[in-house]
Amino acid sequence: MVRKRPEPVQVVKQRRDAALNALVEGVPYIRFLGIAFERHGDELTAVLTYDDKLIGNPMLPALHGGVTAAFLETAAIIGLSWSYLWEDIESGKIDPETVSPAHLPRLPKTIDFTVDYLRSGLPRDAYARARVNRQGRRYASVQVEAWQDNRSRLFAQATGHFLMPARTGTLT
Amino acid sequence: MPPDKHKIVGQFIRALPHCRALDMTLTDIGPGTAGVAMPYDERLIGDPETGVIHGGAVSALMDTCCGAAVMAHPDAAALTATIDLRIDYMRPAIPGQTITARAECYHVTRSVAFVRATATDGDETRPVASATGAFTVES
């Protein structure tokens with residue numbers, strides 16, 4: 001059996017990072033909150049960089065509950081889109097040279113989102129990872145966990161349901 | 001409801017940095033009820049193709065409004081934290097429109113306040129989103 005020669009590492013990275021950037025860069029609100037995505041293979045970690053404007057009660061101080069919800073929802077939407085696009089990224093159906101937000105399918109729409117606040121969000125960076133528990137043709141169910149200092153000490157978790165974008169031939 | 005309660009909760013909201021960043025204002029307050037408005041802002045866009053506000057900003061509005069309703073309840077303390085919050089998104093908010101949330105704290109025990117809220121963007125008969133949540137009652 002002849003094994004196909006693996007692609008050079010920079011080709012693989014460039015392809016994946018170009019698709020991820022295209023997914024994230026077009027959304028003003030992601031920039032407003034200061035969320036970035038770190039990628040290891042197909043695993044994404046959302047990073048919320050601390051900023052004073054993210055504070056709710058300045059007396060504690062703690063992250064605003066709405067910021068926590070928004071951070072988790074963003075991590076869920078990008079995580080879901082990412083897993084949905086992965087095959088097209090790997091097959092080369094999404095061209096890393098030309099990919100832009102306009103070439104990608106629309107983002108999934110949130111149907112509902114439930115956040116559990118486990119402890120107050122400290123005034124420092126936060127991290128979140130999403131897990132797609134089910135992704136059908138129309139609906140998806142996604143779970144998200146968020147932590148700050150210790151991966152095992154979550155400060156919030158959430159579950160959401162999403163409406164998937166229609167699969168059209170918009171991919172180039 | 002003493003008239004200064006409106007002033008106190010209103011000032012409280014303006015003192016929260018994230019609420020200030022989203023330019024939220026208290027529109028009305030009663031015993032266990034509150035209204036909070038958030039004007040349209042291009043920085044909050046979640047769908048660049050349509051200009052629709054990101055669901056996360058609506059969550060921040062809902063959370064603030066529900067918290068204000070808890071603070072406005074005669075049996076609850078002036079401080080509260082969210083235990084859980086569920087938001088149902090019924091339709092995209094119309095770009096350019098101010099979104100207003102109205103929350104009602106409908107039951108309070110010694111330790112928990114139960115709240116529901118609705119967000120509208122001008123047409124009161126067609127809500128944008130609804131929320132239900134549980135909040136802490138500090139003793």
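Refer to the structure presented above.
Now for a look at the structure at hand. Fair warning: this is a prediction, and the values are worked out from it, not measured in the lab.

Remarks on the overall build of chain B
Here is step 1 of the chain: For chain B, the helix and strand inventory stands at three helices and eight strands.
Here is step 2 of the chain: What you see in chain B, going N to C, is helices and strands ordered as α-α-β-β-β-β-α-β-β-β-β.
Here is step 3 of the chain: Whereas a compact globule of 139 residues would reach a radius of gyration of roughly 14 Å, chain B reaches 14 Å, a difference of no more than 12%.
Here is step 4 of the chain: If one aligns the C-alpha atoms of chain B with their principal axes, the spans along those axes are about 45 × 25 × 25 Å.
Here is step 5 of the chain: Within chain B, the fraction of its 139 residues that count as buried is 53%.

Structural notes on the layout of surface pockets
Here is step 1 of the chain: Taken as a whole, the largest pocket spans an internal volume of roughly 740 Å³.
Here is step 2 of the chain: Contributions of two or more residues to the lining of the largest pocket are made by helix 1 (9-25), helix 3 (65-91) and strand 3 (109-117) of chain A together with strand 3 (45-47), strand 4 (52-53) and helix 3 (55-71) of chain B.
Here is step 3 of the chain: With four residues, helix 3 of chain A is the single largest residue contributor to the lining of the largest pocket.
Here is step 4 of the chain: Considering only residue class, the lining of the largest pocket consists of 23 nonpolar, seven polar and six charged.
Here is step 5 of the chain: Each pocket or cavity is described by its volume, and for the second largest pocket that value is around 540 Å³.

Considering the interface of chain B and chain A
Here is step 1 of the chain: Counting from both sides, the interface comprises 34 residues of chain B and, opposite them, 32 residues of chain A.
Here is step 2 of the chain: When the two sides are added together, the surface that chain B and chain A hide from each other amounts to roughly 2500 Å², 59% of it contributed by carbon and sulfur.
Here is step 3 of the chain: The salt bridge partner of Arg106(A) is Asp47(B), with a shortest N-O separation of 2.7 Å.
Here is step 4 of the chain: At the junction of chain B and chain A, the tally comes to 15 residue pairs in polar contact (both at pLDDT 80 or more).
Here is step 5 of the chain: The set of elements that each furnish at least two residues to the side of chain B that touches chain A consists of helix 1 (3-15), helix 2 (17-21), strand 3, helix 3 and strand 5 (82-89) of chain B.
Here is step 6 of the chain: When residues of the side of chain B that touches chain A are assigned to their parent elements, the largest contribution, eight residues, is made by strand 5 of chain B.
Here is step 7 of the chain: Its residues assigned to classes, the side of chain B that touches chain A comprises 17 nonpolar, nine polar and eight charged.
Here is step 8 of the chain: Where strand 3 of chain A meets strand 5 of chain B, five bridges bridge the pair, whose relative direction is antiparallel. Bridging across to strand 5 of chain B, Phe113(A) finds its partner in Ile87(B).

Digging into the sheet that holds strand 5 of chain B
Here is step 1 of the chain: Here twelve strands make up an open sheet; going across it, the order is 1(A)-2(A)-4(A)-5(A)-6(A)-3(A)-5(B)-8(B)-7(B)-6(B)-2(B)-1(B) and the pairing antiparallel. The two strands at the open ends of the sheet, each matched to only one other strand, are strand 1 (35-40) of chain A together with strand 1 (25-30) of chain B. Strand-to-strand twist of the sheet, defined as the mean angle between neighbouring strand axes without regard to direction, takes the value 20°.
Here is step 2 of the chain: Alignment of strand 1 of chain B against strand 2 (residues 33-38) of chain B, held across five bridges, turns out to be antiparallel. Bridged to Thr25(B) within strand 2 of chain B is Ala37(B).
Here is step 3 of the chain: Helix-sheet contacts for helix 1 of chain A involve strand 1 and strand 2 (43-48) of chain A, and the interaxial angle to strand 1 of chain A is about 155°.

Considering helix 3 of chain B
Here is step 1 of the chain: Between its first and last C-alpha atoms helix 3 of chain B spans 24 Å; for 17 residues at 1.5 Å apiece the expected length is 24 Å, and the two agree.
Here is step 2 of the chain: For helix 3 of chain B, the tally of buried residues reaches 17 of 17 residues, placing the bulk of the element in the interior.

Comments concerning the environment of Pro61(A)
Residue and element names in this part refer to chain A.
Here is step 1 of the chain: Mapped onto the elements, Pro-61 comes out in the loop between strand 2 and helix 3.
Here is step 2 of the chain: A residue is classified by how much of its surface remains accessible, and Pro-61, at 35% relative accessible area, is partly exposed.
Here is step 3 of the chain: With 60 residues separating them along the chain, Pro-61 and Gly-121 place their C-alpha atoms 8.7 Å apart.
Here is step 4 of the chain: Beyond its immediate chain neighbours, meaning those up to four positions away, Pro-61 contacts Ile-55, Gly-121 and Pro-123.

Looking at the packing of aromatic side chains
Here is step 1 of the chain: What the rule picks out here adds up to four aromatic pairs over all chains.
Here is step 2 of the chain: Ring centres of Phe113(A) and Phe162(A) lie 6.4 Å apart, and the angle between their planes is 65°; this geometry places the pair in the edge-to-face category. Of this pair, Phe113(A) sits in strand 3 while Phe162(A) sits in strand 6 (residues 154-163); the two residues are 49 residues apart in sequence, bridging distant segments of the chain. For the pair formed by Phe113(A) and Phe162(A), the shared burial category is buried.
Here is step 3 of the chain: Ring centres of Tyr127(A) and Trp147(A) lie 5.9 Å apart, and the angle between their planes is 35°; this geometry places the pair in the tilted category. Here Tyr127(A), found in strand 4 (residues 126-135), pairs with Trp147(A), found in strand 5 (residues 139-147); they are 20 residues apart in sequence, far enough to count as distant.
Here is step 4 of the chain: For Tyr127(A), a relative accessible area of 25% translates into the label partly exposed.
Here is step 5 of the chain: Residue Trp147(A) is classed as buried on the basis of its relative accessible area, which comes to 7%.
Here is step 6 of the chain: A cation over a ring is seen here: Arg151(A) above Trp147(A), with NZ or CZ 4.1 Å from the ring centre.
Here is step 7 of the chain: The ring of Tyr106(B) has Arg116(B) sitting right over it, with the charged end atom 3.9 Å from the ring centre.

Thresholds applied
Residue numbers restart at each chain and count upward from 1, following the sequence in its written direction. Labels are handed out in written order, letters beginning with A for the chains and numbers beginning with 1 for the ligands. It should be noted that, the model being predicted, local features are given only for residues of pLDDT at least 70 and side-chain atom pairs only at 80 or more, the latter also being counted only at that level, while totals for whole chains, interfaces and linings use all residues. Based on all heavy atoms of the structure, the side-chain values leave hydrogens and waters out of the count. Under the DSSP-based scheme used, a helix requires at least four consecutive residues in state H or I and a strand at least two consecutive residues in state E, with every element numbered from the N terminus. Taken over C-alpha atoms, the radius of gyration is set against a globule rule of 2.2 Å times the number of residues to the power 0.38. Throughout this description, buried means an accessible area under 20% of the type-specific maximum (1.4 Å probe, protein chains only), exposed means over 50%, and partly exposed covers the range between. A pocket, in this scheme, is an open set of points on a 1 Å grid over the protein atoms alone with protein on both sides within 12 Å along at least 5 of 7 lines, while a cavity is a set where a 1.4 Å probe fits but cannot get out; residues line either one if an atom lies within 4 Å of a point. Grid points are joined across faces, edges and corners, and a volume is the space filled by probe spheres set on the points. Residues are grouped as follows: nonpolar covers Ala, Val, Leu, Ile, Met, Phe, Trp, Tyr, Cys and Pro; charged covers Asp, Glu, Lys and Arg; every other residue, Gly included, is treated as polar. Contacts are assigned to residue pairs with any non-hydrogen atoms lying within 4.5 Å of each other. The term buried area means the drop in 1.4 Å probe accessible area that two parts suffer when joined, counted for both and summed. In what follows, salt bridge is the name for a side-chain nitrogen of Lys or Arg lying within 4 Å of a carboxyl oxygen of Asp or Glu. Counted as a polar contact is a pair of N or O atoms within 3.5 Å, where, for protein atoms, one must be capable of donating a hydrogen and the other of accepting one, and residues adjacent in sequence contribute only when both atoms are in side chains. A pair of strands is considered paired only if DSSP assigns at least 2 bridges between the two. Note on definitions: angles span 0 to 180 degrees between N-to-C directions of axes, and those axes are lines fitted to C-alpha atoms, for helices only across the stretch in contact. The span you would expect from a helix comes to 1.5 Å times its residue count less one. Stacked, edge-to-face and tilted labels apply to pairs of Phe, Tyr and Trp rings (six-membered ring for Trp) whose centres lie within 6.5 Å, assigned for plane angles under 30 degrees, over 60, and everything in between, in that order. We count a charge as sitting over a ring when the NZ of a lysine or the CZ of an arginine lies within 6 Å of the ring centre and within 35 degrees of the ring normal.

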